[in-house]
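# Notes for the structure review
The chain contents come next:
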Amino acid sequence: MANILLREKDIPGIGQYDTYVQHGGYDGLKKALGMKPDEVIQVVKDSNLRGRGGAGFPTGMKWSFVPKTEGPKYITVNADESEPGTFKDRQILEYNFQQLLEGSLICAYAVQASAVYIYARGEFWDIGPHMEAEIEKARKAGWVGQNIGGSGWGCEVYVHLGAGAYICGEESALLNSIEGKLGQPRVRPPFPAVAGLYARPTVINNVETLANVPQIIVQGAAWFKSIGTEKSPGPKIFCMSGHIEKPGNYEFPLGLTFRQLIEAAGGVRGGKKLKAILPSGASGPLLPATDKVLDTALTYEDVAALGSVLGSASVIILDESTDMVWATLKMARFFKHESCGKCTPCREGTYWLLKRLEAIYAKKATPADVQLIEDVAKQMQGKSLCALGDFATSPVMSALKYWRDEFLAYTQPQKPAPAKAGKDKVVAGGD
Amino acid sequence: MLAEKYQERIEKIFAKYPDKRSAIMPLLYVAQEAYGWISPEAINEVAALCQIDPTQVKSIAGFYTMFRETPKGKYWLQVCNDLPCALRGADQFYQELLDYLGIKDGETTADGVFTVEHVMCLAACDKAPMLQCNFHFHENLTMETMKALIEQWRAEAKAAQGK
Ligand SMILES: Cc1cc2nc3c(=O)[nH]c(=O)nc-3n(C[C@H](O)[C@H](O)[C@H](O)COP(=O)(O)O)c2cc1C
Ligand code: SF4
Ligand code: FES
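Just so it is clear, the model here is predicted, and its values are computed rather than measured. (Residues numbered from 1 in each chain as written. Chains lettered and ligands numbered in written order. Predicted model: local features only at pLDDT ≥ 70, side-chain atom pairs only at ≥ 80, totals over all residues. Heavy atoms only, no water.)

### A closer look at the environment of D10 of chain A
Residues and elements named next belong to chain A.
- Following the sequence through the fold, D10 ends up in the segment before α1 (17-22).
- What makes D10 partly exposed here is its relative accessible area of 41%.
- D10 has contacts with A2 and N3, leaving out every residue within four places of it along the chain.
- At 2.8 Å, the side chain of D10 and the backbone nitrogen of N3 are in polar contact. (Helix = DSSP H or I, 4+ residues; strand = E, 2+ residues; numbered from the N terminus. Buried < 20%, exposed > 50% of the residue type's maximum accessible area, 1.4 Å probe, protein only. Contact = heavy atoms within 4.5 Å. Polar contact = N/O pair within 3.5 Å; in protein donor to acceptor, adjacent residues only side chain to side chain.)

Structure, rendered in C-alpha cells:
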C-alpha cells in the first residue's frame, strides 16, 4: 500500500509546494471550504481518527468542543516531539510539511480559527527556515492569509520554536511556553477548547494527527475506517529504535502485531534474542518478549490490555544483553531532568527514584531499597498535576514487575556504613 | 544594541503574537546569536523590548536547555546519550569523544573551542550516535567521522582567530 503519511517514500519532494499540488495537494482544503465547518468536524468524527501524540483522544470530538463564539480562536500544532524513541513528527516536518500545513488549515477552518501556531522543539532549528519558506509558498497560492480560497475566512500560520524542555509537549505547558511564561502545565479546567492560548478557544493536535486530515476529507470517513481496525482505524507511523536491525520510521495500518513490526524492521540486531519492548518510549510500561506480547496487535485497545500503552508508537527494542537496572536508570534520569518542578510528588519522587536507582546500580544498596523505589513510585501515581508524574513511575513499576530479580542481584544484604539515605540533599530542578 | 542591529527581525517577531511577552523566547535566540550567550545585558535588552521585568526573562532563559546561561566554547556539542541512543553505543561514543578532547562531561577545552555536554533525546534515535553542534544535527557518527569533524572545526576556529 502506498504511504499516506510518509509519502516522500513514494513521491520524493512531496514536501515542496509545487510537487505537493501536482499530487492532489490542497484538494482537501478546497473540498472543506465547500462544506460547512460543522460538516468538516462530522467527517473527522465519523472517521474515528484518534490523536497520535500519545493520549489517543478522538480528534473530531476534540474539535467539536470549541465554542462558536466570536473573536480569535487558535490551533496549536504540537511538534515538540521529545519522548525518547520518538522521531516521526520530525520526518513529516522535514519531508511532508505541506500535508501537515493543509491538515492544520482544515482544522482551523472547521473551528473557524484565526491563527495556527506550529510549536516545534527548538532542536528542530534547521527545519524552521524550511517550514517558513513552505508557508510563504502556500500564502502566495492563497491558502494562508485573508479570504482563503475566496471563502471569506482568513487564517495566519506561524512557527514558534521551543528551546529544549520535554514538558512543553504537554499541551497546557505548550500554551504557556508560547505565551512567554514558564513552560509548566496549567490546572484544568478550564480546558484549552474553552480557554487555551491567550485564554481563547484552542485546539491542540499532534503533527501526525493533522497530517491524516487532508486525505480523510478527500477520500471520506469510510475510506479511513477501512484502514486499520474498527476501534483503531487509520495508518500509523511506528518509530523503531534500540536493538533493531533497521531503525527508522515505518508506516503501517494499525493492527499489525509486534512480531510483524519487528520483522519489517529487519529483526533484532545481530540475530540476538528479544528481551523487552517499550511500545511508547520511556513513558509506557515495559513489556517482556513473550509470545502473547509478540502476537498482540498494535492498536490502542490491545496494547492497553497488556498493561501498557500504544501512545505515540515509539517502539524501543531491548535485546537479551540489556541490563534492566541500567535501562530503568536511564529513564529515571530522563524524568528527573524533565520534571518541571511544579508539584511535589513528581519533583521529589523523580529525584528519589534516580538517587536510589543510582545506588542500586552502583551496588551500594540493600533489598530494602528495591522495595523503596517501588513504594516511591506507587506514592507518585495519580498525585501529580500532569501525566509526567505518572509516566516517571512506569519504567520502575514495569521493570520491577518482570525483572525484580535483576534489581535484587545488584543489592547487598547489609547496607555499607554509613547510611546514605538521610544524607542525600533534596534539590529541585537541574539534572 | 539588539533593537538597532536586528530591527527588522525583531519587528517580524512581534508581529506574530498578540502579546509582547510571547516574543521572549524568539528574542532570547536573537540575543544569544548576538552575544554568544544570554548575558546580563541580553536579559535587560529583551526585557526592555518586551516591556517586562528582567527577572522574568531570566527565569525563562533558565528553564530551557538551549539558552546558554554562561559563555560556552565556539562549538557547543550536545551529545545524546538517552536510552535509545545508548542502546546503539552512545555512552561509549560520548566517553571516547571526551577522552579525545581531554575534558570531562560539561567542560570546555582550554582553548575555548569546544564545550561538550550530554543531553536527552533529540528525536534522532534511529541515527545514533548523534549530536547537535550549535543547533545543527550530525548523525550516524563513528569516532572516525567525529575526529574528522573536530579537526575541521578546530581549523575553522584557528582561521577565524587569525583574521
Ligand atoms: C509530559 C508530556 C509530554 C508530551 N509530549 C508530547 C509531544 O511531544 N507531542 C505531542 O504531540 N503530544 C505530547 N503530549 C500529549 C499532549 O499533551 C496532547 O495530548 C497532544 O498533543 C494532543 O494531540 P493529539 O490529540 O493529536 O494526540 C505530551 C504529554 C505529556 C503529559
Ligand atoms: S507532574 Fe511533574 S512535570 Fe507535571 S506539572 Fe507536576 S512537576 Fe511538572
Ligand atoms: S535517544 Fe538520542 S536522539 Fe533519541
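Read on, since the account is not over.
### Some details on the site of ligand 1
All names here are of chain A.
- Within the structure, ligand 1 sits among 20 residues, and G53, N78, N205, N206 and T209 are positioned closest to it.
- Within the contact set of ligand 1, an oxygen atom lies 2.7 Å away from a side-chain nitrogen or oxygen of N206.
- Alone, ligand 1 offers 610 Å² of accessible surface; in the complex the protein occludes 91% of this.
- Counting only elements with at least two residues in the shell around ligand 1, the list comes to β4 (202-206) and α18 (388-391).
- Ranked by residues supplied to the shell around ligand 1, first place goes to β4 with three residues.
- Looking at the shell around ligand 1 residue by residue, the class counts come to six nonpolar, eight polar and six charged. (Near = heavy atom within 4 Å. Areas by Shrake-Rupley, 256 points an atom, 1.4 Å probe, with all protein chains shown as cover. Nonpolar A, V, L, I, M, F, W, Y, C, P; charged D, E, K, R; others polar.)

### A closer look at a nonpolar patch on the surface
Residue and element names in this part refer to chain A.
- A cluster of nonpolar residues, F57, M61 and F65, forms a patch on the protein surface that exposes about 270 Å² of accessible area.
- Inspection of the secondary structure puts M61 in helix α4 (residues 59-64).
- Looking at M61, the relative accessible area reads 35%, which means it is partly exposed. (Patch = residues over 30% accessible without salt bridge, like charges linked within 9 Å, V, L, I, M, F, W, Y side chains within 5 Å. Salt bridge = Lys/Arg side-chain N within 4 Å of Asp/Glu carboxyl O.)

### Digging into the packing of aromatic side chains
- In total, this model carries 25 aromatic pairs over all chains according to the counting rule given.
- Consider the rings of Y74 of chain A and Y198 of chain A, whose centres lie 5.7 Å apart with planes at 70 degrees: the pair is edge-to-face. Of this pair, Y74 of chain A sits in strand β1 (residues 74-79) while Y198 of chain A is found in the loop between α8 (171-178) and β4, placing the two residues 124 residues apart along the sequence. Take Y74 of chain A and Y198 of chain A: they sit in the same class, and that class is buried.
- When the ring of Y402 of chain A is compared with that of W403 of chain A, the centres are 5.5 Å apart and the planes differ by 65 degrees; the resulting orientation is edge-to-face.
- Given a relative accessible area of 31%, Y402 of chain A falls into the partly exposed group.
- Pairwise contacts between aromatic rings join W125 of chain A together with Y29, F63, Y64, F67, W76 and F135 of chain B into one cluster. (Phe/Tyr/Trp six-rings, centres within 6.5 Å; stacked < 30°, edge-to-face > 60°.)

### Quick word on the domain arrangement of chain B
- For chain B, the domain assignment lists domain 1 (2-63) and domain 2 (75-160).
- For domain 1 of chain B and domain 2 of chain B, the distance between their C-alpha centroids amounts to 29 Å. (Domains from an automatic or database assignment.)

### Quick word on the sheet that holds strand β7 (residues 274-282) of chain A
All names here are of chain A.
- With mixed pairing, five strands are arranged side by side in an open sheet as β6-β5-β9-β7-β8. Only two strands of the sheet have a single partner each, and these edge strands are β6 (248-253) and β8 (287-288).
- Of the strand pairs in this sheet, β7 and β8 are connected by two bridges, and their pairing is antiparallel. Paired with I277 across the strands is L287, a residue of β8.
- Against the sheet, helix α15 (residues 324-338) contacts β7 and β9 (314-319), and its axis sits at roughly 5 degrees relative to β7.
- The strands that helix α19 (residues 394-409) touches are β7 and β8; relative to β7, the one it contacts most, it runs at about 170 degrees. (Pairing = 2+ DSSP bridges. Axes fitted to C-alpha atoms, helices over the stretch in contact; angles between N-to-C directions.)

### Considering the pattern of salt bridges
All names here are of chain A.
- One pass over the structure, following the stated rule, counts 27 salt bridges over all chains.
- Of the charged contacts in the structure, one is a salt bridge between R139 and E136, with a shortest N-O distance of 3.3 Å. Of the two residues, R139 and E136 are both situated in helix α7 (residues 128-140); the distance of three residues between them amounts to about one turn of the helix.
- By relative accessible area, which is 28% here, R139 ends up partly exposed.
- The partly exposed category is assigned to E136, whose relative accessible area is 36%.
- In this structure, R347 and E348 form a salt bridge, with 3.3 Å as the shortest nitrogen-oxygen distance.
- Taking the relative accessible area as the measure of exposure, E348 reaches 23% and is therefore partly exposed.

### Focus on the site of ligand 2
- In the vicinity of ligand 2 lie 13 residues, with C340, C343, C346, S384 and C386 of chain A positioned nearest.
- Split by residue class, the shell around ligand 2 holds eight nonpolar, four polar and one charged.

### Points about the packing of helix α16 (residues 344-361) of chain A against helix α17 (residues 367-380) of chain A
Residue and element names in this part refer to chain A.
- Put simply, α16 and α17 touch, their axes get as near as 10 Å, and they point 165 degrees apart. When the axis of α16 is compared with that of α17, the two are roughly antiparallel. Crossing handedness for the pair α16 and α17: left-handed. Along its contact with α16, which presents P345, C346, G349, T350, L353, R356, L357 and I360, the element α17 presents D369, V370, L372, I373, V376, A377 and M380.
- Here the contact of α16 with α17 is composed, by residue class, of eleven nonpolar, two polar and two charged. (Parallel < 35°, antiparallel > 145°, perpendicular 65-115°, else oblique. Left-handed = near helix turned anticlockwise from the far one by under 90°.)

### Some thoughts on the pairing of β6 of chain A
All names here are of chain A.
- Pairing of strand β5 (residues 235-242) with β6 involves six bridges; the strand directions are antiparallel. Bridging across to β6, F238 finds its partner in Y250.
- Linking β5 back to β6 in an antiparallel pair, the connection comprises five residues.

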